[in-house]
Amino acid sequence: MYLTTTYMGLKLKNPLVPSACGPLSRDLGKIRAMEDAGASAIVMYSLFEEEILHESKELDYYLTHGTESFAEALTYYHGNYEFRDPEIYLQYLSDAKQAVDIPVIGSLNGISVGGWVDWAKKMEQTGVDALELNVYYIPTDPDLSGVEVEQMYLDVLKAVKQSVKIPVAIKLGPYFSSMANMAKRLAKAGADGLVLYNRFYQPDLDIEQLEVVPNLVLSTQQEMRLPMRWIAILYGRVDCSMAATSGIHTAEDVLKMLMAGADVTMVCSALLKHGVGRISEIIKGMLQWMEIHEYESVNQMKGSMSQKACAQPAAFERANYMKALRSYV
Amino acid sequence: MKRRKVTIDGNEAAAYVAYRTNEVIAIYPITPSSPMGEWADAWASEGVKNIWGTVPVVQEMQSEGGAAGAVHGALQTGALTTTFTASQGLLLMVPNMFKIAGELTPTVFHISARTVATHALSIFGDHSDVMAARTTGWAMLASNSVQEVMDFALIAEAATLEARVPFVHFFDGFRTSHEVMKIEELTEDDIRSMIDDEMVFAHRSRALSPEHPVLRGSAQNPDVFFQARETCNPFYTACPGIVQKAMDKFASLVGRQYRLFDYFGASDAERVIVVMGSGAETVQETVEFLAKKGEKVGMLKVRLFRPFSVADFIKGLPASVKAIAALDRTKEPGTIGEPLYQDVVTALSESLSEGSLLMGQMPRVIGGRFGLSSKEFTPAMVVRVFAELKKPQPKNHFTIGIVDDVTHTSLDYDRNFSIEPSTVLRGLFYGLGADGTVSANKNSIKIIGEETDNYAQGYFVYDSKKSGSITVSHLRFGPDPIHSTYLIDSANFVACHQFVFLERYDMLKYAIPGATFLLNSPYGQEDVWDHLPVEAQRQIIEKKLKFYVVDAVKVAKETGMGGRINTIMQTCFFAVAGVLSREEAIAQIKNSIKKTYGSKGDAVVQKNYEAVDKTLANLFEVKVPSVAASQLRMHPPVPEEAPEFVHRVTALIIASQGDDLPVSAMPCDGTFPTGTAQWERRNIALEIPEWDPDVCIQCAKCAMVCPHATIRVKVYDSRDLVGAPASFKSTDYKGPEFPGMKLTYQVAPEDCTGCGLCVYVCPAKNKKEVRLKAINMVPQPAIREREAQNYQFFLNLPEYDRRLVRVGTIKGSQVLQPLFEYSGACSGCGETPYLKLISQMFGDRMLVANATGCSSIYGGNLPTTPYAQDKQGRGPAWSNSLFEDNAEFGLGFRLTIDKQTEQASELLKKLSPAIGENLVKEILGCPQKDEAEIYQQRQRVREVKSRLEKIASPEAKNLLSLADFLVKKSVWIVGGDGWAYDIGYGGLDHVLAAGRNVNILVLDTEVYSNTGGQASKSTPRAAVAKFAAGGKGTPKKDLGLHAMSYGSVYVAQVAMGSSDLQTVKAFAEAEAYDGPSLIIAYSHCIAHGINMTAAMDNQKAAVNSGHWSLYRYNPELVREGKNPLQLDYKKPKIKIEEYAYMETRYKMLTKSNPEAAKHLIDLAQKDADERWRLYEQLAAMDYSHIPGAVKSS
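Given the structure is predicted, the values throughout are model-derived calculations rather than measurements.

A few words on the overall build of chain B. For chain B, the helix and strand inventory stands at 41 helices and 38 strands. What you see for chain B is a C-alpha radius of gyration of 32 Å, in line with the 32 Å of a compact globule of 1193 residues. In terms of its C-alpha atoms, chain B occupies a principal-axis envelope of roughly 90 × 85 × 75 Å. Within the span of chain B, comprising 1193 residues, buried residues form 55% of the whole. In chain B, once contacts between residues fewer than 6 apart in sequence are set aside, the share between residues at least 24 apart is 77%.

As structure tokens, this is what we get:
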């Protein structure tokens, strides 16, 4: 049985790729452990341009705050301080690449076209095999139209594509008026892969303390339905690879995603919950399932249950929702 | 050889050479020498090598005494060793200096000469410290300028190796140590060529070694000590020649020729000034000015003061000299004359009697004092001294620069006299500490100094406040070397970086006619004029000033610069000052931004670029009207109702006119009234808190944490509200403590610093809009006047009766009047809330012994003091002795109190029949355990005193002078961790062991905050600090555990932000404990690089992570069979890094060296885990089997 798959032109030994989220990729030992457990590639934790800008400004502020005010304490730290965050991050990417034999995918979250391009180039120079643009954007401005938001995604992608030679995937949220159209335009703009979907953390309200609090919860299997539906819809309609992410916890989940049309499946919460050994368990489960069900390869099942290929294409459309709703009444 | 031109200050110049010519460097912080040690530490952590290709060892010590000991040891074992210090620090080194010289050991100590504390401490410059060390047998070489500091540092290092006489290389604190000057940097080759390796090997060969053992440091008896002491004479005889040889060699290498005594002026001079230090530069400049005009004047710069070469001195003087003034920058009361004067007289007199005096007859010699504590020394004063020398009977032992109307020593002088050449651009910049003015100016000096052929000089004057402080930058640029070592008082460029300064400082009086005035103004070029005080308008018109405005705050806001307007104002300066073309200036500024901020990240560079680009579009020239018709006037420095002393003295100091005060205005023994901060009303907050009584839950936490006592609580009767201003807020008291009473939380709008701590800790939230609390920050200007009236009314409300208050509670303590108020501590200071609290709880019977440091500066630096008095005139009595001796100093208070109380009690008993037996019995039997008993005792003592007045016996008179001791006194020994953990630890330990009833409060900021954040033994592992640039590798000392080991000391560790109630309880218990008490108080600090507004969160996290333990150890509990240690915190629930990375001091290491950061934070976690494990076990120990007391004394 062949588990091999191709994602953005990268030949992978199986479709299991630990995703960018989560702290696992911050530790070289864990990266090696994921490789040993069977991961076919790894997406590194994201470089957040905004965070770097913020941290450098914040440090500059605190290192100069209160200085040159009082004759005895003209400074509080010696001036020869260097902000090495960017350098440290890039060095780490390079170290990660050296540490494993599987492809390493750099992940980037920029805030300006210039920033995206600069960082993409620097990341490419570390030797990573591909880039994932992690576009995390909540358009809160009522004056910003959907057209403008979409254009921003396209501009960033085009700019990055022009500046690097390695494959580039774009990781998206689901909130587009016309997902299929957006996917098509992104593919046309050069995306080598679409990563569906980014999970946006939703804040909670603490009604005792009267505070808005961040609420970080691991994904549940339910959440895989949304990317699965869209991968199934988009399969065969967009000219690029597709990675499924969110809610993939078991071998069955991976199989479903592949059948919907994904080239790879990305796991995070499952690894955080069960440890990196989960990768080998999933692979084992896949092999067992494939053996029982007499599947020869991943490629055989890829897209086999996409909207185009399945017997009930309408099930992926609005009617399905109506039906489901009625079934509860 | 082409040498680099650099613009650096004197400290860096000295450290540059010292670092490269030594192998071991022992350091300890003291202003103004600390930066030398900081440079050495930073270079070592960066791996910079000395001239032998190795990185010197840099070791911080616990005191200057310790540094001297370490130096002595390192020298004895053969390392080339140095240290840096000043003032009291040098005095602590004196015992070792005698030894080092006695053992003929080569070394150079680099000293930024600073005033020794006498009637007052002063951080500024004079020679009282080095002169106090002149009997140690060290050579003394004086540098007068930044260039000379670098040159003489090397000459001294070279000479000492050959001479075997150790050298004090000194230069004036601040004036030279902190003056930024364009100089020529010596190359490594220069340094290499000056240092003779054979001498280094010789030094090593004399070292102690078991391979060729010797004994050095013997004890000698009367039979041989004297002879042995005289053996060093040949070395001292040879020393001046060796120094001159080094100077000559230096000249052949570098081109600058120095002599032991350098003469400048007319070759036929009849009047000569002899002087050393930075003042010599001003004398030289003036002499050259006068000599050009044909005056027969000259000056002799003393380079090598010890060993004093009489022959070279006489040779240095022109034969024509008839009168000499020897100027000393020091004072030795009771002496015939100050040291240089005495040497000059002796040298001349000896030469005369030996017949070697070239001038044939003895010139007239007068001595004068100048420049104490960096007092200005100007050409006007030099001219006046020369004028005095012309007189047939010149005044001897004069002073210059002050008005001495008591003993009439002073020479008056023409304050308008100036010799500043027109070729020099002289800029004065008034900025706020926080706005970046000084750093911008330092940057401008670098640009002009290093990118043009101009010479550049910068000197910066800071005020003594740590929040809202004003800075005045004095910048000179010109085509010739600058010798003007005095402040600018005739400026052709004046910049005011804060609009509000115009109402407080008359800066335009320094502008010369036709000068340029640049103002950062919220008003544009059309309407700014009407917002100027009339005093400013008049001078702009009369002096025909070119007037420019820029709204730098707006540009800063638009470009993400926050409150820092440095880059913007710097751009404006270059745009209007004309030193460079605008285009070139902007290119250079940007270049400099890249250099300065490149390592801080691209975001920082970009925002500065943007600020530069947006500035010029916002810079406008103002068309000056012909009439000054403003209704606005400059504000008086203190309000009319201030007392006489405050008007006569304090007000002038506040208004920067302290230089005008005569000797008679100053107290003769350093004694000042307390309660003066209330008159300063600095108005520095942009926003202040406003109380919402409807939301308030009356917890008093806001008042508790307020570092400046500017949010206050009063509980009062509703009848007291009669006459209240309409806007005065009052509400019913809700709790059971004060039934039926009214309550007000009131902000002091003109004293609040706007730190926001109170709002942050307020737990009450507005139900309709949760971002609002029971107090909320609002813009100050709009409510300033209204709230000032309300505050005045509030202050006049009666204070609640202390007898009815539960002092040991939050609500109770906060109702009491703070007797520590409006300090100049940093906005949001973590120390002052504790001091305010003890002043509320015990202030009316409290004495404070305060170690030197932050708390002594905001506590006792003129012009005002935050220590206040209640309506009865009682309040904390405060004093500062030294840094190192504070525990002993405070113990001395206690010894007096104990003795005098005992003596008063004895007399009371003796006089009992006359006074009344019942009254005496009551007094002697009163335990004074609470406020009510103390109140009653005061009443009784009052009665005793009135009865004693009527008894005409010597014993009655004696008792009358001691009777106040019968009321319980509370001794508080206060200081920071630098004192308690390091320099004062030996004394503190002794005082704890002595068993007397003193309360020691350690305001633990975990660094030397006052001197700029150097590591102490309290600095936690993994934190970055100066002297621990790579992160501190060793754990924090557990001072509390040391104290607990006595078993007889009350010990508490508190953190107000974690548990305010535990803090109050600890303070009450410590004070009640009849023995030594030690409270270690977590004090967040600006040096931690934290959001000061949210700092109580840091305190909380410090405790929750187990970094900071909360406990109380009360030996009294042992008597009850209980464990004395009570833990007031729970098992750590967050990781150390979760706390630590809230703070820049830890976090910055993750940005520059993540591996080291990870290693150290892991160790810090282990420290915390182990600490918890230990304390948990200690607190669980069973004491039920231990009977009886353990209390000492």
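Turning to the overall build of chain A, a few remarks are in order. Helices and strands together make up the secondary structure of chain A, namely twelve helices and 13 strands. Taken against the 2.2 N^0.38 rule, which gives 20 Å for 329 residues, the C-alpha radius of gyration of chain A at 22 Å falls within 12% of a compact globule. Seen through its C-alpha atoms, chain A measures out along the principal axes to roughly 80 × 45 × 45 Å. For chain A, buried positions account for 48% of its 329 residues. For chain A, long-range pairs separated by at least 24 residues make up 73% of all intrachain contacts whose partners lie at least 6 apart in sequence.

What follows is about the packing of helix H8 (residues 251-260) of chain A against helix H10 (residues 278-292) of chain A. Residues and elements named next belong to chain A. Remark: H8 packs on H10, axes separated minimally by 8 Å, with the N-to-C direction vectors making an angle of 65°. Regarding H8 and H10, the two cross each other, and that crossing is right-handed. Residues Ala251, Val254 and Leu255 of H8 pack against Ile282, Gly285, Met286 and Trp289 of H10. The residue inventory of the contact of H8 with H10, partitioned by class, reads six nonpolar, one polar and no charged.

This part covers the sheet that holds strand E19 (residues 470-478) of chain B. All names here are of chain B. With respect to topology, nine strands assemble into an open sheet ordered E1-E8-E18-E19-E17-E20-E21-E22-E23, the strand pairing being mixed. One side of each edge strand has no neighbouring strand; the edge strands of this open sheet are strand E1 (5-9) and strand E23 (619-621). The sheet shows a mean angle of 20° between the axes of neighbouring strands, taken without regard to direction. Summarising the sheet, strand E20 (residues 491-496) and strand E21 (residues 511-520) pair through five bridges and their orientation is parallel. By the bridge assignment, Ala495 is partnered in E21 with Leu518. Relative to the sheet, helix H15 (residues 437-451) contacts E1, strand E8 (180-184), strand E17 (425-432), strand E18 (455-462) and E19, its axis offset from that of E19 by approximately 10°.

We now examine the environment of Lys97(A). Examined against the element boundaries, Lys97(A) turns out to sit in helix H3 (residues 85-99). For the pair formed by Lys97(A) and Gly127(A), sequence separation is 30 residues and the distance between their alpha carbons is 6.8 Å.

Time to look at the interface of chain B and chain A. Taken together, the contact pairs 37 residues of chain B with 29 residues of chain A. Secondary structure elements with two or more residues in the side of chain B that touches chain A: helix H2 (34-46), H15, helix H20 (602-615) and helix H40 (1144-1152) of chain B. Among the elements that take part in the side of chain B that touches chain A, H40(B) stands out by supplying four residues, more than any other. Residues of the side of chain B that touches chain A, tallied by class, amount to 15 nonpolar, 15 polar and seven charged.

Here we come to the pairing of strand E10 (residues 271-275) of chain B. Residue and element names in this part refer to chain B. The buried fraction of E10 amounts to five of the five residues, a majority that puts the element mostly inside the structure. Residues Arg271, Ile273 and Val275 point to one face of E10 and Val272 and Val274 to the other, with burial holding for every one of them. Bridge count between E10 and strand E11 (residues 297-302): five bridges; the pairing is parallel. By the bridge assignment for E11, Val272 is matched with Gly298. For the crossover from E10 across helix H11 (residues 279-292) to E11, the handedness is right-handed. Judged from the four bridges that link them, E10 and strand E13 (residues 323-328) form a sheet pairing that is parallel. From the neighbouring strand, Arg271 faces E13, where its bridge partner is Ala323.

Let us now look at the sheet that holds strand E37 (residues 1111-1113) of chain B. Residue and element names in this part refer to chain B. Strands sit in the order E30-E29-E31-E32-E36-E35-E37-E38 across an open sheet of eight strands; the sheet is mixed. Edge strands, defined here as strands with exactly one partner in the open sheet, are strand E30 (877-879) and strand E38 (1125-1127). Across this sheet, the average inter-strand angle for adjacent strands is 15°, counted without regard to direction. For strand E29 (residues 846-850) and strand E31 (residues 970-976), the ladder comprises five bridges, and the chain directions are parallel. Directly across from Val848, in E31, lies its bridge partner Trp972. Of the strands in this sheet, E29, E31 and strand E32 (999-1004) touch helix H28 (residues 886-910), which is tilted by about 175° from E31.

Turning next to helix H34 (residues 985-994) of chain B. Residue and element names in this part refer to chain B. Those residues of H34 lying buried are Tyr985, Gly987, Leu988, Val991 and Leu992. Relative to the axis of H34, the buried residues are bounded by an arc of 160° and lie together on one face. Looking at the buried positions of H34, the neighbouring elements they touch are H28, helix H33 (977-983), E32, helix H35 (1039-1044) and strand E36 (1077-1082).

Before going further, it helps to spend a moment on the nonpolar core. With 352 residues, the main nonpolar core has Val494(B), Cys702(B) and Ile1079(B) as its most contacted residues. The element best represented in this core is helix H6 (residues 146-163) of chain B, accounting for twelve residues. With residues near it in sequence (within four places) discarded, Cys702(B) still touches Ile711(B), Tyr745(B), Cys758(B), Val761(B), Cys762(B) and Ile775(B). Grouped together as the second largest cluster of nonpolar side chains are 87 residues, Leu133(A), Tyr197(A), Val254(A) and Val267(A) included.

Residues and elements named next belong to chain B. With six of its six residues buried, E20 lies for the most part within the structure. Of the pairings in the sheet, the one linking E17 to E20 comprises four bridges and is parallel in character. Within E20, the residue paired with Leu428 across the bridge is Val494.

A few words now on unusual backbone geometry. Geometrically, the link from Leu196(A) to Tyr197(A) is a cis peptide bond, its omega value of -5° lying close to zero. By the element assignment, Tyr197(A) lies in the loop between strand E9 (193-196) and strand E10 (204-206). In this structure, the amide linkage connecting Thr31(B) to the following residue, Pro32(B), adopts the cis form with an omega of 0°. When you line up the elements, Pro32(B) lands in the loop between strand E2 (24-27) and H2. In the Ramachandran plot, Met8(A) falls in the positive-phi region, its phi being about 50° despite a non-glycine side chain. By secondary structure assignment, the location of Met8(A) is in the loop between strand E1 (5-7) and strand E2 (10-12). Its identity as a non-glycine residue notwithstanding, Ala700(B) has a phi of 70°, on the positive side.

As a further point, take the confidence of the model for chain B. Residues and elements named next belong to chain B. In the predicted model, chain B carries a mean pLDDT of 96, and 99% of its residues have values of at least 70. Scored below 50 in pLDDT, residues 1189-1193 makes 14 contacts in the model with residues more than four places away or belonging to other chains. Both scores are available for the predicted complex, with the pTM at 0.94 and the ipTM at 0.92.

You can see Gln631(B) is positioned in the loop between E23 and helix H21 (644-654). For Gln631(B) and Pro533(B), which are 98 residues apart along the polypeptide, the C-alpha to C-alpha distance reads 7.2 Å.

All names here are of chain A. Contact geometry for helix H4 (residues 113-125) and helix H5 (residues 146-163): axes closest at 9 Å, N-to-C directions at 30°. For the element pair H4 and H5, the recorded crossing hand is right-handed. Residue-level inspection shows Val113, Trp116, Val117, Ala120 and Lys121 of H4 in contact with H5, the latter providing Asp155, Val156, Ala159, Val160 and Ser163. For the contact of H4 with H5, a count of residues per class yields seven nonpolar, one polar and two charged.

So, on to the environment of Glu931(B). All names here are of chain B. Mapping Glu931 onto the fold places it in helix H31 (residues 931-949). Along the sequence, Glu931 and Asp801 sit 130 residues apart, while their C-alpha atoms lie 9.5 Å from each other. Other than its neighbours up to four places away in sequence, Glu931 contacts Arg802, Arg803, Val805 and Val807.

What counts and how
Residues numbered from 1 in each chain as written. Chains lettered and ligands numbered in written order. Predicted model: local features only at pLDDT ≥ 70, side-chain atom pairs only at ≥ 80, totals over all residues. Helix = DSSP H or I, 4+ residues; strand = E, 2+ residues; numbered from the N terminus. Rg over C-alpha atoms; globule rule 2.2 N^0.38 Å. Buried ≥ 20, exposed ≤ 12 C-beta atoms within 10 Å, placed from the backbone. Contact = placed C-beta atoms within 7 Å. Axes fitted to C-alpha atoms, helices over the stretch in contact; angles between N-to-C directions. Left-handed = near helix turned anticlockwise from the far one by under 90°. Nonpolar A, V, L, I, M, F, W, Y, C, P; charged D, E, K, R; others polar. Pairing = 2+ DSSP bridges. Right-handed = clockwise from strand over helix to strand, strands pointing away. Arc of directions from axis to C-beta. Core = buried A, V, L, I, M, F, W, Y, C linked by C-beta atoms within 7 Å. pLDDT = per-residue confidence, 0-100.

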